[in-house]
Amino acid sequence: MTTSTWRALGLGAPPEPEPDPDADAKALASALRLRILRLCLDEPHTNKEIAHALGRNPGSMLHHVRTLVARGFLAALPEREGPRGSREVPYLATGRSWLTPLAPSQYPVLVEAFVEEVAEAPPESTQLVRLGLRLDAAGREELTERVVALFQEFADREPDPDGEPYAVFYAFYDDVQRRRAAGHPKPLAT
């Protein structure tokens, strides 16, 4: 979700916590938390709804929700009336995670979240592409810039209210297996 979408919903500016890259990294170091953010991307959900959608206990889920709220990745919206007059708090993703750089040590968490989400997707709705390339430094830089620009273009689009929710995962990495087979045991350092 972009800041403009957040404002279009009449919510003003998304919350901005004090800068703390270590706290941000810890908050995003969980596949479950990444899945919570994805779930709350388009519409707000209560802790109970989040727990139900992800097959978890609401009590343990609340810890993850609060961690994301504390770092401004998820925001609590005004309370609403729930079943039998109870009060419940809906949460909405702020889009801040898209703008937060991740350390390479966090990449396995992205892959874990991706694998969990793809496992739940109907096979007919999933398209995967796997490609091996040989590029020089300029070709690698060009491909990276173009893909990142394309992702940013779509991230900046206003959501189509009639559109269907989709997820995209992209990975670009050194093909260590092919490197070893060619007699180059050391991975590429960039």
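Since the model is a prediction, treat every value here as computed from it, not as a measurement.

Asks: With reference to specific residues and values, describe the side chain of Thr46.
Replies: Inspection of the secondary structure assignment puts Thr46 in strand β1 (residues 45–46). Sequence-distant contacts of Thr46, defined by excluding residues within four places in its chain, comprise Arg80, Glu88, Val89, Pro90 and Tyr91.

Asks: Give a detailed account of the packing of helix α3 (residues 31–39) against helix α5 (residues 58–70), specifying residues and quantitative values.
Replies: The relative placement of two packed helices is expressed as an angle between their axes plus a distance between the axes. Between α3 and α5, the shortest axis-to-axis distance is 10 Å and the interhelical angle comes to 70 degrees. As judged from the angle between their axes, α3 and α5 are roughly perpendicular. Each of Leu32, Arg33, Ile36 and Leu37 in α3 lies in contact with α5, whose residues at this interface are Met61, His63, His64, Thr67 and Leu68. Taken together, the residues that form the contact of α3 with α5 break down as 5 nonpolar, 3 polar and 1 charged.

Asks: I'd like to hear about α5, residue by residue, with values.
Replies: With 13 residues, α5 should reach 18 Å at 1.5 Å per residue; the first-to-last C-alpha distance of 18 Å fits that figure. For α5, the set of buried residues is Met61, His64, Val65, Thr67 and Leu68. Viewed end-on, α5 has its buried residues packed into an arc of 160 degrees, placing them on one side of the element. Residues Gly59, Arg66 and Ala70 are exposed on α5 and point more than 90 degrees away from its buried face. Residues of α5 that are buried in the fold lie against α2 (21–27), α3, α4 (47–53), β2 (74–76) and β5 (90–93). The N-capping residue of α5, defined by a side-chain oxygen 2.5 Å from the backbone nitrogen of Gly59, is Asn57. One or two steps after α5, the chain reaches Gly72, where phi turns positive at roughly 80 degrees.

Asks: So what's going on with unusual backbone geometry? Residues and values would help.
Replies: Backbone geometry at Arg84 places phi at a positive 55 degrees, although glycine is not the residue there. Relative to the elements of secondary structure, Arg84 occurs in the loop between β3 (80–81) and β4 (87–88).

Asks: Residue-level account of the pairing of β5, with values.
Replies: Alternating residues of β5 divide into Pro90 and Leu92 and Tyr91 and Ala93, and every residue in both groups is buried. Note: β1 against β5, 2 bridges, orientation antiparallel. Within the sheet, the bridge partner assigned to His45 lies in β5 and is Tyr91. Pairing between β2 and β5: 3 bridges, direction antiparallel. Note on β5: the bridge partner recorded for Ala75 is Leu92.

Asks: Summarise the confidence of the model for the chain; cite the residues concerned and give the values.
Replies: Here the chain averages 87 in pLDDT, and 89% of its residues register 70 or above. Here helix α1 (residues 3–8) stands out as the element of the chain with the lowest mean pLDDT, 56, in contrast to α3, whose mean of 95 is the highest.

Cut-off values and rules
Residues numbered from 1 in each chain as written. Predicted model: local features only at pLDDT ≥ 70, side-chain atom pairs only at ≥ 80, totals over all residues. Heavy atoms only, no water. Helix = DSSP H or I, 4+ residues; strand = E, 2+ residues; numbered from the N terminus. Contact = heavy atoms within 4.5 Å. Axes fitted to C-alpha atoms, helices over the stretch in contact; angles between N-to-C directions. Parallel < 35°, antiparallel > 145°, perpendicular 65-115°, else oblique. Nonpolar A, V, L, I, M, F, W, Y, C, P; charged D, E, K, R; others polar. Expected span 1.5 Å × (residues − 1). Buried < 20%, exposed > 50% of the residue type's maximum accessible area, 1.4 Å probe, protein only. Arc of directions from axis to C-beta. Polar contact = N/O pair within 3.5 Å; in protein donor to acceptor, adjacent residues only side chain to side chain. Pairing = 2+ DSSP bridges. pLDDT = per-residue confidence, 0-100.

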